[in-house]
Amino acid sequence: MEGAKLSAVRIAVREAPYRQFLGRREPSVVQFPPWSDGKSLMVEQNEFYFDHAFPATISQDEMYQALILPLVDKLLEGFQCTALAYGQTGTGKSYSMGMTPPDKILPEHLGILPRALSDIFERVTARQENNKDAIQVYASFIEIYNEKPFDLLGSTPHMPMVAARCQRCTCLPLHSQADLNQILELGTGNRRVRPTNMNSNSSRSHAIVTIHVKSKTHHSRMNIVDLAGSEGVRRTGHEGVARQEGVNINLGLLSINKVVMSMAAGHTVIPYRDSVLTTVLQASLTAQSYLTFLACISPHRCDLSETLSTLRFGTSAKKLRLNPMQVARQKQSLAARTTHILRQALCTSTAIKPNAANHNSLVVPNSKYSTTKPLSGVLHRTRSELGMTPKAKKRARELLELEETTLELSSIHITDNSLSLLGFHSGSDKDRHLMPPPTGLETRQASSQNSTLMGIAEEAEPKESSKVQQSIVANTVPTTVRCQLFNTTISPISLRASNSQRELSGIQPMEETIVASPQQPCLRRSMRLANSMRSQNYGAIPKVTNLRRSTRLAGIREHATSVVVKNETDAIPRPRGAVQKKRTRKVKPAPKAWMANNTRCFLDLLNNGNVKQLQEIPGIGPKSAFSLALHRSRLGCFENLFQVKSLPIWSGNKWERFCQINCLDT
Ligand SMILES: Nc1ncnc2c1ncn2[C@@H]1O[C@H](COP(=O)(O)OP(=O)(O)OP(=O)(O)O)[C@@H](O)[C@H]1O
């Protein structure tokens, strides 16, 4: 249980023992105050707080138990874990991390690596005995020397790898401590070391040993990172190649510092690519990992400035806020939700079918065309259509507002006798699929006030199949006042999303405004918006998917024309007859009135919208939106479309196209 509460980022400081060669023994600059409770230390009157503050007398085992053992549990739960040692050269980073082959040192000096591996083996064996789940353990060993990564276990350890491909370095299986011994011997044998003034066996490269734990369900990694020591180039007394090594070491350390600072500050862009070290560690320095920093400091007064800078780095790393548990939960719920949405949205698709055996997965048939790209495209479109993306949510809200305005304007046509229809919906599920066409072009009296639109549709074409029926409903133009009301609340969300999908999207359209519309998931956003606006004016658009854009436009134009012509034909007075008498004409907006209404709404939008809102009007780009806003601010609001037309933003036939897309009367 304690492991579950483990903080994702932990910082520990370890004081190194005195180095004899530095001469006479002087009092340490690092003090551990009695009130510190093992969590703070003082250097030159400054108190620093960390998760652990280890004095020089602490043993390897105590340090391991407090710092790394909890990470081993997390590793086996499937999380990525990283233990990273940094600090001045010669302060015991390699010693603490356990980079020396175990058979070359006394057991009490064994560092983190062999101890962690021993505990991993113990737990893996216990798990395999319990549930027979095969778990394999591997290790890889790379070094970053002079800003180049090297695979120390590979066949060519002195040939640099491509930084972005370090994940593909050699992984050797680990079955026992003896295997680790071999791996460390091979790796440390190939690693670059050089005697310096500060350390007779100073590492000249950053080393990353990764223990991979692979099972059927997950692949987790524990990175043990032994950074090369930070060093003042002057103090090491190096020249030439060795000096350049020092510069590159410091470059890597600086970049890791920058990454940690950016993460702690909550920046969205983290400079991982500043150095090879951070590029390689990128996967470990994310919100999904458990991070443990071990800052190694020197007790000597001559190292005071390095000690203080190491402690300051630790203090800034304390600000890191990682939450691997939450990320894992989010990932799980997103995966479940995405599968659910995909299953619903794509169940009709021939390309992707739900897996009958496993309800949480989808089967993409093998073919030369089936790649993951279309799947991600479909997924993105589905999320956008369901209003799950912020942009879609915003647009939907704007459309609702816009359409509410239209509702207010159009509601003045509602007669008393039709008011009783308002807000009524049959409990029938069929009603949920109704799409009351937008405007009344052909008057129809429903047989009773409770008759549904489906009823009306059935009246028109009673014997068609359900699919055809839907399209007929979409194309039929009944005119109850309810139709007008519904028409005014069409939103892109309600156009395609089912109830459950809308719940997921988080956007609640107006009550009982679910409408079925011609399916048009493959259209561009501008076309969809144009269609939805047009459908208010001309009725539902016939199904136009999978066609070329020009063909779709032509179809829509044709449809609009035919509806207008039909409407005009209706306007011709007919001889009075029994049928005519029986039909009570409801107030219906004529196309011209609708055009005028639409133009008015449109001018409102042009006069009141900000640049961003103007940009979202189909046919208006960023520059045009800016010009419109500028013109408006200088010369006042647009009173009619001619003023809009007179702006110098319409080259060629842009104005005509603009009017056409937005159903404006030129
Ligand atoms: N806590 C300790 N107890 C005993 N010996 C230690 C301890 N810390 C460091 N040493 C010894 O100090 C020497 C230098 O340590 P180490 O090589 O680990 O330093 P380092 O920080 O890795 O240096 P560099 O960055 O130059 O590689 C080694 O001989 C090591 O055995």
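Residues numbered from 1 in each chain as written. Predicted model: local features only at pLDDT ≥ 70, side-chain atom pairs only at ≥ 80, totals over all residues. Heavy atoms only, no water.

Some points on the UniProt feature "binding site: ATP" (unreviewed entry) in the chain
For clarity, the cut-off: UniProt positions are given in the numbering used here, feature names are shortened, and annotations may be inferred rather than shown by experiment. Only protein atoms enter the 1 Å grid used here. Points where a 1.4 Å probe fits but cannot escape make up a cavity, open sets with protein on both sides within 12 Å along at least five of seven lines make up a pocket, and a residue lines them when an atom lies within 4 Å of a point. Per the convention used, a helix needs a DSSP run of H or I reaching at least four residues, while a strand needs a run of E reaching at least two, with both numbered from the N terminus. Three exposure classes are used, based on accessible area relative to the maximum for each residue type with a 1.4 Å probe and protein chains only: buried under 20%, partly exposed in between, and exposed over 50%. By definition, residues are in contact when any of their heavy atoms lie within 4.5 Å.
UniProt records the feature "binding site: ATP" (unreviewed entry) for G87, Q88, T89, G90, T91, G92, K93 and S94 in the present numbering. Filtering the just-named annotated residues for those lining the second largest pocket gives T89, G90, T91, G92, K93 and S94. For G87, the location among the structural elements is in strand β6 (residues 80-87). Since its relative accessible area comes to 5%, G87 is described here as buried. The contacts of G87, once residues within four sequence positions are left out, are K93, G229, S230, C296 and T310. Its location among the elements puts S94 in helix α3 (residues 93-97). The exposure class of S94 is partly exposed, given its relative accessible area of 25%. Apart from residues lying up to four places away in sequence, S94 is in contact with M99, R191, S203 and D226.

Some points on helix α2 (residues 69-77)
Counting buried positions along α2 yields 7 of 9 residues, so the element is predominantly enclosed. Along α2, the residues classified as buried are L69, P70, L71, V72, K74, L75 and L76. Taken from the residues just after α2, G78 is the one with a positive phi, measuring 110 degrees.

Quick word on the site of the ligand
This is how the line gets drawn: If even one non-hydrogen atom of a residue comes within 4 Å of a molecule or strand, that residue is called near it. Think of a polar contact as two N or O atoms within 3.5 Å of one another; within protein, one of them needs to be a possible hydrogen donor and the other a possible acceptor, and neighboring residues in sequence only count if both atoms come from side chains. Per-residue accessibility takes into account occlusion by the displayed protein chains alone, with areas from the Shrake-Rupley method and a 1.4 Å probe. What decides whether a molecule sits in a cavity or pocket is whether more than half of its atoms lie within 2 Å of the grid points.
Around the ligand, 14 residues are found, and the nearest of them are T89, K93, S94, S202 and S203. Measuring from an oxygen atom of the ligand, one finds a side-chain N or O atom of T89 at 2.5 Å. Between the ligand and the protein, one listed contact pairs an oxygen atom with a backbone N or O atom of T91 at 3.2 Å. In the complex, 74% of the free accessible area of the ligand, which totals 620 Å², lies under the protein chains. Using a 2 Å cut-off from the grid points, one finds that the ligand occupies the second largest pocket. Mapped onto the shell around the ligand, the elements with two or more residues apiece are α3 and β11 (202-203). The greatest single-element share of the shell around the ligand, amounting to 3 residues, is contributed by α3.

With respect to the pattern of salt bridges
Heads up, the rule is: Each salt bridge in this description consists of a side-chain nitrogen of Lys or Arg and a carboxyl oxygen of Asp or Glu lying within 4 Å of one another.
This model, assessed by the stated rule, comprises 8 salt bridges. In this structure, the salt-bridge partner of E77 is K74, at a minimum N-O distance of 3.2 Å. With E77 and K74 both in helix α2, this residue pair falls 3 residues apart, about one helical turn. Overall, K74 belongs to the buried group, its relative accessible area being 0%. Close ionic contact of K258 with D274 constitutes a salt bridge, the shortest N to O distance being 2.7 Å. Highlighted residues: K258 in helix α7 (residues 240-265) and D274 in the loop between α7 and α8 (276-280), separated in sequence by 16 residues. Since its relative accessible area comes to 40%, K258 is described here as partly exposed. Look at D274 and you get partly exposed, because its relative accessible area is 37%. Through salt bridges with shared partners, a single network forms among D73, D119 and R123.

Structural notes on α7
Test applied: One fewer than the residue count of a helix, multiplied by 1.5 Å, yields its expected span.
Compared with an ideal rise of 1.5 Å per residue, which puts 26 residues at 38 Å, α7 spans 37 Å between its outermost C-alpha atoms and is within 8% of the ideal. A positive phi of about 80 degrees marks G266, the residue just after α7.

Some remarks on the pairing of strand β13 (residues 219-226)
Under the convention used in this document: A pair of strands counts as paired when DSSP detects no fewer than two bridges linking them.
Of all 8 residues in β13, 6 are buried, a share of seventy percent or more. Pairing analysis gives 5 bridges linking β6 to β13, with the strands arranged parallel. Looking at the pairing, L84 lines up with V225 of β13. Sheet analysis places strand β12 (residues 206-214) next to β13, joined by 8 bridges and oriented antiparallel. What sits directly across from I208, in β13, is V225. Hairpin remark: β12 followed by β13, antiparallel, with 4 residues in the connecting loop.

Structural notes on the sheet that holds strand β3 (residues 40-43)
Spatial ordering of the open sheet is given by β2-β3-β4, a layout of 3 strands whose pairing is antiparallel. Every other strand in the sheet has two partners, leaving β2 (30-31) and β4 (46-49) as the edge strands with one partner each. In the sheet, β2 pairs with β3 via 2 bridges, with the strands oriented antiparallel. Note that in β3 the partner of Q31 across the bridge is M42.

Things to note about the layout of surface pockets
We apply this condition: Grid points are joined across faces, edges and corners, and a volume is the space filled by probe spheres set on the points. Residues are grouped as follows: Ala, Val, Leu, Ile, Met, Phe, Trp, Tyr, Cys and Pro are nonpolar; Asp, Glu, Lys and Arg are charged; every other residue, Gly included, is polar.
Each pocket or cavity is described by its volume, and for the second largest pocket that value is around 610 Å³. What lines the second largest pocket is a set of 26 residues, and nearest its centre among them are S94, Y95, N199, N201 and S203. Those elements giving two or more residues to the lining of the second largest pocket turn out to be α3 and β11. Here the element with the most residues in the lining of the second largest pocket is α3; it accounts for 3 residues. Of the residues that constitute the lining of the second largest pocket, the class distribution is 10 nonpolar, 13 polar and 3 charged.

Some thoughts on the pairing of strand β14 (residues 289-297)
Moving residue by residue along a regular strand, the side chains alternate between the two faces of the sheet. Counting buried positions along β14 yields 9 of 9 residues, so the element is predominantly enclosed. Residues S289, L291, F293, A295 and I297 of β14 are buried on one face, and the alternating residues Y290, T292, L294 and C296, pointing to the opposite face, are buried as well. Of the pairings in the sheet, the one linking strand β1 (residues 9-15) to β14 comprises 7 bridges and is parallel in character. Bridging from a neighbouring strand, R10 pairs with T292 of β14. Looking at chain direction, β6 and β14 are connected through 8 bridges and run parallel. Within the sheet, the bridge partner assigned to A83 lies in β14 and is T292.

Quick word on unusual backbone geometry
Although it is not a glycine, E44 sits at a positive phi angle of roughly 50 degrees. In this model, N146 sits at a positive phi of 50 degrees, which is unusual for a non-glycine residue. Counting through the fold element by element, N146 comes out in the loop between β7 (136-145) and β8 (148-151). Overall, the relative accessible area of 24% leaves N146 in the partly exposed class.

A look at the nonpolar core
Put simply, the rule is: Take the buried Ala, Val, Leu, Ile, Met, Phe, Trp, Tyr and Cys residues and link them wherever side-chain atoms come within 4.5 Å; each set so joined is a nonpolar core.
With 93 residues, the main nonpolar core has L41, I68, M222 and F293 as its most contacted residues. In this view, L41 contacts V13, V30, Q31, F32, P33, N46, E47, F48, A53, I297 and L311; residues no more than four positions away in its chain are not counted. Residues L606, L614, I649 and W650 belong to the second largest nonpolar core, which totals 19 residues.

Digging into the packing of aromatic side chains
Aromatic rings considered in pairs are described by the distance between their centres and by the relative angle of their planes. Formally: Each pair of aromatic rings taken from Phe, Tyr and Trp, with Trp reduced to its six-membered ring, is defined by centres within 6.5 Å and is described as stacked if the planes are under 30 degrees apart, edge-to-face if over 60, and tilted in the remaining cases.
This structure, assessed with the given rule, holds 9 aromatic pairs. Relative to F50, the ring of F48 has its centre 6.5 Å away and its plane inclined at 10 degrees; by these criteria the two rings are stacked. Residue F48 is classed as buried on the basis of its relative accessible area, which comes to 11%. Look at F50 and you get buried, because its relative accessible area is 5%.

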